[in-house]
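Okay, here's what each chain looks like letter by letter:
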Amino acid sequence: MAMEMRDLPKKETKDQMLTIVQAVNDGMRTLLETDDRIMLLGEDIGKNGGVFRATEGLQEVFGADRVVDTPLSEAGIIGASVGLAVNGFKPIAEIQFLGFIYPAYEQVMTHVSRLRMRTMGRYTVPMVIRAPYGAGVRAPEIHSDSVEALFTHMPGIKVVCPSTPYDAKGLLIAAAEDPDPVLMLEPMRSYRAKREEVPSGRYTVEIGKGKRVKEGTDITLIAWGAMMPVVEKAAEQAEKSGISCDVIDLRTLYPLDRDLIAESVQKTGRAVIVHEAHFTGGLGNDIVSMINDTSFLYLRAPIERVTGFDVPVPFFALEEHFLPTPARVVQAIEKAVHF
Amino acid sequence: MNTHYPIKQVMDKEGRIVDSSYESLINEQLVKDLYYHMYRIRTFDRKAISLQRQGRLGTYAPFEGQEAAQVGSAMALQPADWMFPTYRDHGAKLTFGADMAGTFLYWNGRVEGCVPPEGRNIFPPAVPIATQLPHAAGAAWAERRKGTKNASIAYFGDGATSEGDFHEGMNFASVFKAPVVFFNQNNRYAISVPIEKQMNSETIAQKAVAYGMPGVRIDGNDCLIVYFEVMKALEEARKGQGPTLIEAVTWRTGAHTTADDPTKYRPADQGKDIVDPLLRMERFMKNNGYWDEAWVQETAERITAEIEKAVEDMESYPTPNVEDLFDYVFAEMPAQLAEQKQSYLTHLRGNQ
Ligand SMILES: Cc1ncc(C[n+]2csc(CCOP(=O)(O)OP(=O)(O)O)c2C)c(N)n1
Ligand SMILES: [Mg+2]
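Throughout this document, residue positions are counted from 1 along each chain, in the order its sequence is written. The lettering of chains begins at A and the numbering of ligands begins at 1, in the order of writing. Restriction of local features to residues with pLDDT of at least 70 applies here, the model being predicted, together with a cutoff of 80 or more for giving and counting side-chain atom pairs; totals for whole chains, interfaces and linings are based on all residues. No hydrogens and no water enter the side-chain calculation; it runs on all heavy atoms of the structure.

**Student:** Mind showing me how you'd approach the nonpolar core here?
**Tutor:** Generally speaking, a soluble globular protein has its nonpolar side chains buried in company with each other. With 107 residues, the main nonpolar core has Leu40 of chain A together with Met83, Phe104, Phe183, Leu224 and Met281 of chain B as its most contacted residues. Counting residues per element, this core draws most heavily on helix H1 (residues 28-53) of chain B, which supplies 11 residues. What makes two residues a contact is simply this: any of their non-hydrogen atoms within 4.5 Å. Ignoring any residue separated from it by four or fewer positions in sequence, one finds Leu224 of chain B in contact with Val10, Met11, Ile26, Leu30, Val31, Leu34, Met281 and Phe284 of chain B. Residues enter a nonpolar core if they are buried and are Ala, Val, Leu, Ile, Met, Phe, Trp, Tyr or Cys, with the set joined through side-chain atoms within 4.5 Å. Residue exposure (1.4 Å probe, protein chains only): buried if accessible area is under 20% of the type maximum, exposed if over 50%, otherwise partly exposed. With 45 residues, the next largest nonpolar core counts Leu256, Val265, Ala271 and Met290 of chain A among its residues. Segments assigned H or I by DSSP are reported as helices when at least four residues long, segments assigned E as strands when at least two residues long, and all are numbered from the N terminus.

Structure, rendered in structure tokens:
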């Protein structure tokens, strides 16, 4: 078997209107077509096409050796992926829901993320872990966790979290091309929320770069993934009372886009960070300290955070109270602006 | 040690006794009780699916086809035993004494549905696969340390045997001679993954060999063999003989959950040869002169009324209390959490 990456034209060809989950599917299809080393591993990803249909149709085209229905074992999936990755393959492992990654946590923490360091670069682990995350779809318990901070805290693994179909495909391909392990968190709640034009063929969205989705002057709003629609709605409402919001979709959670955050906050002098994950130990705190380090003298108000609470994600009857809402974000915006 | 695992049965598909060694243990009351509970949980299951379709319940995991396994095992328990179910074992829970309205509430996203009734030790359903096996080992170990005769039963599926927690729980129980019955319902699929892709071992029962415990393979659609074998394993456990692994071979008639479409991964004719466990028990009852139309009729009416009442209770249950989000995380709420609670409640009041 010739194990090589075919040099397909990187230029963007015809566009298609895709949802996030379809864009993820298209990204994996593109990778499988253009790189023989790519293998997909996961529970129910083959014949069933994934519980969210993210791998729909791929086993039929690329075969059961490349799109693999694994045993029900997250530690096995990630541990075996380490072995595959050091030995010539590029695994893209699906964890069915982020809340089920915990059995594999040891593998990610002790091996995936530090094999390069422990062998001074002799062994590397170029693999992608994909996992749908987040609440808001009335899922059964444990299916709604949002624990990106467990992984941004972990040295040696990058973390990305797209909020749009275009970024989902582009970040997935960038993750697969990256020489290091990347965790891609996929906002379950936005999987089918809207369609957007997505180029067919190979393109990337650079890891480590956020995106300004709305230009404004009074306050910076920073969010990612499933919180983007919440923040955009809050920005619209704030706009009605004359507050102009600079809205940033972070897209990569590690490494952070320090320049974009600093540039925006130095312009507005205020910031609200919004995440669905728990407050304490949440990524919001790292962003606050980064703003302190880069932009303290520009600040006109304390930085606000709107997050999930320090409680386990509740059963769905109470999940609307756990999740940040546009109303809570607007309240934080007003607090900062009227400080 | 046994390394060959034929499927044990009391009755065949026609409801005829195939192993006379159990005959003396069978009586009309036992058979009627088992049938009653199978009928009851099936009616519950079908009601739950229909409520889900009407939008009156969240995503639901049906167990139709597995009633004999769930009822036979739960009926073998003593009231002071511990039950560790999965998300598919609410039939076993209901048989053991879980509250029916509470069970509906669980599937409606209400944490109240996890609270066991007074006087019963029923763990909240294990959603992360296989995580309950070490718990069952620990609770049983505690009973042994306390010198009681109580045991625990852990329910889990075929797919669960691939997780580390399965092996760790089995090993702990056997090392510490904990009185546990590891009750596997092999319904041959873990969502879409068939058992041949899940493992390379021919049976699940044989995995017991690795942990030095007895392994038994039974017809999980034969309620009587389930009842007798679980009873036997529990008795051994109570005597200090340690754990047993039981593989009950069964079949999930419907979807993995109401969000799943089994036609995507199961051949249309697969499972067609399986005789429904309730029908098998009905045949058995008819063969033995236990079938009483009037009793069946009366039982059906009683169960329908019970279920209607439970649905009513679920739907008239007080709306969820926002404060519950915060109040049960710690015995004493840390100040930083109390502050989050306070500020959220203030926010809510401001928005009313
Ligand atoms: C740790 C973990 N990984 C994945 C899942 C998602 N999941 C839920 S049920 C299931 C299949 C379980 O199969 P099996 O153990 O055979 O039990 P069954 O559903 O057939 O009763 C999977 C993969 C989960 N709940 N927990
Ligand atoms: Mg199964």
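**Student:** Is there a simple way to think about the pairing of strand E8 (residues 244-249) of chain B in this case?
**Tutor:** Looking along a regular strand, one sees the side chains alternate between the two faces of the sheet. Residues and elements named next belong to chain B. The buried fraction of E8 amounts to six of the six residues, a majority that puts the element mostly inside the structure. Burial along E8 is two-sided: Thr244, Ile246 and Ala248 and Leu245, Glu247 and Val249, pointing in opposite directions, are all buried. Pairing between two strands is assigned when DSSP locates at least 2 bridges connecting them. Note: strand E4 (residues 180-186) against E8, six bridges, orientation parallel. Its bridge partner being in E8, Phe182 is matched across the sheet by Leu245. Relative to E8, strand E7 (residues 215-219) runs parallel, the two sharing five bridges. By the bridge assignment, Val216 is partnered in E8 with Ile246. Crossover handedness is defined by viewing with both strands directed away from the observer: a clockwise path from the first strand over the helix to the second marks the crossover as right-handed. Crossover connection from E7 via helix H8 (residues 223-238) to parallel E8: handedness right-handed.

**Student:** Just to check I follow, could you spell out the domain arrangement of chain A for this structure?
**Tutor:** As a measure of interface size, the accessible area lost when the parts come together is often cited. Residue and element names in this part refer to chain A. As annotated, the domain borders come from an automatic or database domain assignment. Domain parsing of chain A yields domain 1 (15-199) and domain 2 (211-337). Each of domain 1 and domain 2 was reduced to a C-alpha centroid, and the two centroids are 26 Å apart. Counting residues at the interface gives 27 residues for domain 1, matched by 24 residues for domain 2. The term buried area denotes the loss of accessible surface (1.4 Å probe radius) that occurs when two parts are joined, taken as the sum for both partners. Where domain 1 abuts domain 2, roughly 2100 Å² becomes buried across the two surfaces, and 55% of that area is made up of carbon and sulfur atoms. A pairing counts as a salt bridge when a side-chain nitrogen of Lys or Arg comes within 4 Å of a carboxyl oxygen of Asp or Glu. Across the domain 1-domain 2 interface, the total number found is two salt bridges. A salt bridge links Asp167 to Arg251, with the shortest nitrogen-to-oxygen separation between them at 3.0 Å. Think of a polar contact as two N or O atoms within 3.5 Å of one another; within protein, one of them needs to be a possible hydrogen donor and the other a possible acceptor, and neighboring residues in sequence only count if both atoms come from side chains. If you look at where domain 1 meets domain 2, you find 10 residue pairs in polar contact (both at pLDDT 80 or more). If you list the elements that add at least two residues to the side of domain 1 that touches domain 2, you get helix H6 (148-152), strand E6 (158-160) and helix H7 (165-177). Here the residues of the side of domain 1 that touches domain 2 sort into 12 nonpolar, eight polar and seven charged. Three categories are distinguished: nonpolar for Ala, Val, Leu, Ile, Met, Phe, Trp, Tyr, Cys and Pro, charged for Asp, Glu, Lys and Arg, and polar for the others, with Gly belonging to the last.

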